[in-house]
Amino acid sequence: MSVVYLNGAYLPAAEAMVPVDDRGFLFADGIYEVAAAYEGRWLRLDAHLARMASGLAALSIDFDPASLVAVHDELLRRNGLANAPAAIVYVQVTRGVAPRSHAFPTPAVAPTVYAFAKEFRRPDPVRWSEGYSAITVPDPRWARCDIKSIALLPNVLAQQSAVAAGVDDALFVKDGIAIEGAHNNLFAVFGGTAVTYPKSNYILPGITRDLVLDLARARGIPVEERPIRLESLWDADELFTTGTTTEVRPIVSVDGRRVGGGRVGAVARTLHEAFSEAVGALASGAVT
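Colleague: Just to check I follow, could you spell out the environment of Phe120 for this structure?
Modeller: Here Phe120 lies in the loop between β6 (112-119) and α4 (125-130). Exposure remark for Phe120: the relative accessible area of 11% places this residue in the buried category. Put simply, Phe120 and Gly280 are 160 residues apart on the chain and 16 Å apart in space, counted from C-alpha to C-alpha. In contact with Phe120, not counting residues within four places along its chain, are Ala36, Tyr38, Ala86, Ala87, Ile88, Thr244, Thr245 and Glu247.

So this is what it looks like as structure tokens:
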């Protein structure tokens, strides 16, 4: 049985209980983060916690994520994942438990902090080399996608649409612009330049997105942060997405139409290899 963290205690998952009056349950009033560790070493955990701090500040939830560094390590240890090839820790912080009322509780209540760890499998090389498929869906989300809110119903419905269509991913489209994936950031390659939607309130500022941008620049791949029009997707040389557990994920078809001849492109391969090298160096202790 897995061990989870709940409000300062480590306990078996089956014994973890949250009151029904928790505002996360009643209002989705909270945020979350998912950080990856390779051989027990965290990939940009500081950036994940900084993003969490920004989200908590935006929601006026009084909690310091810096206290969660030790929790991440302890969850790996207690679940036998300290040396796992790849593992994640999910952390969720809600405003806390209070009688149901739309306004914040007065006086403020203690936030509810929950976290768990689990192993995840990195992309299979054979499957990765085949590429992945996606559909486009209208983006119905609120105008603060930069906050990693636990209110993920639009993302859930989008990904279920992908499952129903027999494809791997869903791409959100707003006002004719391909914004990002239902659970990852989107890149298109035009003439060797990697293009992704600029940081704003309309996308989640992905930690892996930022890493991939750094890796691209380090390898001399030009990058641009600008909107990508929907009709240009099929003219792109390549498409790929980035995310904590999907890493660098090439897309070779969208809405049943091939992209880049239906093959994984050179830029995605280069960045996938660069990401794997970064992870390998991290796991070996060569970098922190």
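Colleague: Which parts of the structure should I look at to understand the packing of aromatic side chains?
Modeller: Here the distance between the centres and the angle between the planes together describe a pair of aromatic rings. Following the criterion strictly, the structure yields six aromatic pairs and no others. Taken together, a centroid distance of 5.2 Å and an interplanar angle of 65° make the contact between Tyr5 and Tyr10 edge-to-face. Given a relative accessible area of 25%, Tyr10 falls into the partly exposed group. Judged by centre distance (5.4 Å) and plane angle (20°), the ring pair of Tyr32 and Tyr90 falls under stacked. Of the two residues, Tyr32 sits in strand β3 (residues 30-38) while Tyr90 sits in strand β5 (residues 87-94), which places them 58 residues apart along the sequence. For Tyr90, a relative accessible area of 16% corresponds to the buried category.

Colleague: Help me understand the side chain of Arg23, please; the structure alone is not making it clear to me.
Modeller: Within the fold, Arg23 resides in helix α1 (residues 23-27). Of the polar contacts made by the side chain of Arg23, one reaches the backbone oxygen of Ser101; its length is 2.7 Å. The residues contacting Arg23, other than those within four sequence positions of it, are Ala28, Asp29, Arg95, Gly96, Ser101, His102, Ala103, Phe104 and Pro105.

Colleague: Help me understand unusual backbone geometry, please; the structure alone is not making it clear to me.
Modeller: Glycine aside, residues mostly have negative phi, and peptide bonds are mostly found in the trans state. The peptide bond linking Thr106 to Pro107 adopts the cis configuration, its omega dihedral lying at 0°. Tracing the chain through its elements places Pro107 in the loop between β5 and β6. A positive phi angle is found at Ala28, which is not glycine, with a value near 55°. For Ala28, a relative accessible area of 25% corresponds to the partly exposed category. The residue Asp255 is not glycine, and still its phi comes out positive at about 55°. Mapped onto the elements, Asp255 comes out in the loop between β15 (247-254) and β16 (257-258). A relative accessible area of 35% means that Asp255 is categorised as partly exposed.

Colleague: Looking at this structure, how should I read helix α2 (residues 45-58)?
Modeller: Each α-helix turn comprises 3.6 residues. Residues three or four places apart therefore point the same way. Taking 1.5 Å of rise per residue, 14 residues should cover 20 Å, and α2 covers 20 Å from first to last C-alpha, within 8% of that figure. Here α2 has its buried residues at Leu45, His48, Leu49, Arg51, Met52, Gly55 and Leu56. Taken around the axis of α2, the buried residues stretch over an arc of 155°, which confines them to a single face. Seen from the open side of α2, the exposed residues pointing more than 90 degrees away from its buried face are Asp46 and Ala57.

Colleague: Explanation requested: the pattern of salt bridges in the structure shown.
Modeller: Between side chains of opposite charge, a pair can form when the charged atoms approach closely. Scanning the model with the defined rule gives 21 salt bridges in all. Glu33 is paired through a salt bridge with Arg51; the nearest N and O atoms lie 2.6 Å apart. Of the two residues, Glu33 is situated in strand β3 and Arg51 in helix α2; the sequence distance between them amounts to 18 residues. You'll find Glu33 and Arg51 in the same group, each marked buried. When the shortest N-O distance is used, the salt bridge between Arg217 and Glu225 registers 3.7 Å. Its relative accessible area of 45% is what places Arg217 among the partly exposed residues. We classify Glu225 as partly exposed; its relative accessible area is 37%. A single salt-bridge network, built from bridges that share partners, covers Arg44, Lys199, Arg209, Asp210, Asp214, Arg217 and Glu225.

Definitions and limits used
Residues numbered from 1 in each chain as written. Predicted model: local features only at pLDDT ≥ 70, side-chain atom pairs only at ≥ 80, totals over all residues. Heavy atoms only, no water. Helix = DSSP H or I, 4+ residues; strand = E, 2+ residues; numbered from the N terminus. Buried < 20%, exposed > 50% of the residue type's maximum accessible area, 1.4 Å probe, protein only. Contact = heavy atoms within 4.5 Å. Phe/Tyr/Trp six-rings, centres within 6.5 Å; stacked < 30°, edge-to-face > 60°. Polar contact = N/O pair within 3.5 Å; in protein donor to acceptor, adjacent residues only side chain to side chain. Expected span 1.5 Å × (residues − 1). Arc of directions from axis to C-beta. Salt bridge = Lys/Arg side-chain N within 4 Å of Asp/Glu carboxyl O.

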